[in-house]
Amino acid sequence: MLHMTDLRGRTPSTAELRRVLPRGGMDVASVLPAVTPIVSDVRDRGAEAALEYGEKFDQVRPGSVRVPDDVIAAALGALDPQVREALDVAAGRIRAVHAAQKPQPHTVELATGATVTEKFIPVGRVGLYVPGGKAVYPSSVLMNVIPAQEAGTSSMVVATPPQEEFGGWPHPTTLAACALLGVTEVWAVGGAQAIALLAYGDDAHGLEPVDMVTGPGNVFVAAAKRLVGGVVGTDAEAGPSEIAVLADATADATLVAYDLISQAEHDENAASVLITDSEELARAVDAEVERLAPQTLNSTRAASALGGAQSGIVLVDDLDAAVAVTDAYASEHTEVHTANAREVADRLTNAGAVFVGPYSPVPLGDYAAGSNHVLPTSGTARFSAGLSTHTFLKPVNLIEYDEAALKEIGPHIVVLAADEQLPAHGEAIKARGL
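Residues numbered from 1 in each chain as written. Predicted model: local features only at pLDDT ≥ 70, side-chain atom pairs only at ≥ 80, totals over all residues. Heavy atoms only, no water.

Naming follows an unreviewed UniProt entry, where the chain appears as Histidinol dehydrogenase of Corynebacterium mycetoides. Per UniProt, the chain has the following entry under Catalytic activity (unreviewed entry): "L-histidinol + 2 NAD(+) + H2O = L-histidine + 2 NADH + 3 H(+)". If you open the UniProt record of the chain and go to Pathway (unreviewed entry), you find "Amino-acid biosynthesis; L-histidine biosynthesis; L-histidine from 5-phospho-alpha-D-ribose 1-diphosphate: step 9/9." (UniProt positions renumbered as here; feature names shortened; annotations may be inferred.)

As structure tokens, this is what we get:
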């Protein structure tokens, strides 16, 4: 089922690896022509346009954009007690991790009377997108809301698609997750039109625009984020889910197969990749994937993902080569199934998140490890990070010099300003009697 790429006997360059490794991703540029008119229309006509697009694309139109308080309260009241307990436990772990991420202000004294202080200011209002297409994602509510809360964001709105089967409102479990976290503002709008409405708002309907939009979504959501970037801040353009498993001969083939399948069930375009120096393990994992994939509820979706060009097995000569290939792949999720797994994991530099050893599978991080599951995809982990408390904080420098401190550094500023032919800069210094 899984395609095999054999890199043994050679040392491919980084450029070659980017060409030959299995890779999913999405072509955001290809849908920009379709999404641009939607964003423009929502900018101009607000909520009415957003509701019209929802009705056109999903055949559902809620009674209003904003979900009524009683609908949210009813969703929480009807929540299965076991699901509520699981959400509470997961939320507690996620909150503990993200609370610890918040940096503290610090001051550097450069000379007597010369200080620079860095403080961290939360983004004022954020829009948190929670998808609702092929599945319900209350976990994404936790992963978006909690970091924003821990950063100190004072105003937030969750946008999530309406569902015809629930009276035109979003899925009750998603609404219940919002209620559990104290989120009272939820908009029943999805897709590109949701991103546009978050960015531009609608005064006539009492829908205040946000300063930043975060959260995963399909290619149309990603395109809309690209289009409103600059009007609002955005996080990464998240593509289909992906997993890379770095494994040696000590790995359990059945566990590796289950983990590859677990991500393949997300989406037909999801990527599941095994990187190993053991041909025996590679054959065993492929056989287990063939055996186990048809047994899962989402078998058709998983089979499409596992058999696609974006998934496969990469054979390498040794562990050093496996680490290099894994770093070049820069997966959203990277699992390490090797002897001395922590030591190997510490060698990796490019991954959205690293899961160490056989008892730290990716589904742990999807729900309740405490880490965030909104992570960089399509190789962008080489230069970007997942959602965190830091995402919702703005580092700001406070520069405070007294007269003596400015007098000490002033002549150097005058020299540099003259060298750059910006004499007014120097004159602003000299005007202070220096």
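Once that is clear, we can look at the environment of Gly 201. Examined against the element boundaries, Gly 201 turns out to sit in the loop between α8 (191-200) and β7 (212-214). The exposure class of Gly 201 is buried, given its relative accessible area of 7%. Sequence-wise, Gly 201 and Lys 119 are 82 residues apart; in three dimensions their C-alpha atoms are separated by 29 Å. (Helix = DSSP H or I, 4+ residues; strand = E, 2+ residues; numbered from the N terminus. Buried < 20%, exposed > 50% of the residue type's maximum accessible area, 1.4 Å probe, protein only.)

Further remarks concern the UniProt feature "active site" (unreviewed entry) in the chain. As recorded in UniProt, the sites labelled "active site" (unreviewed entry) are Glu 332 and His 333. For Glu 332, a relative accessible area of 7% puts it in the buried group. Among residues more than four places away in sequence, those in contact with Glu 332 are Pro 240, Ser 241, Glu 242, Gly 352, Ala 353, His 373, Leu 375, Pro 376 and Thr 377. Engagement of the side chain of Glu 332 in a polar contact is seen with the backbone nitrogen of Glu 242, the distance being 2.9 Å. Looking at the secondary structure, you find His 333 in strand β12 (residues 333-337). With near-sequence residues (within four places) excluded, His 333 lies in contact with Ser 241, Glu 242, Ile 243, Ala 244, Gln 263, Ala 353, Phe 355, Val 362, Asp 366 and Leu 375. (Contact = heavy atoms within 4.5 Å. Polar contact = N/O pair within 3.5 Å; in protein donor to acceptor, adjacent residues only side chain to side chain.)

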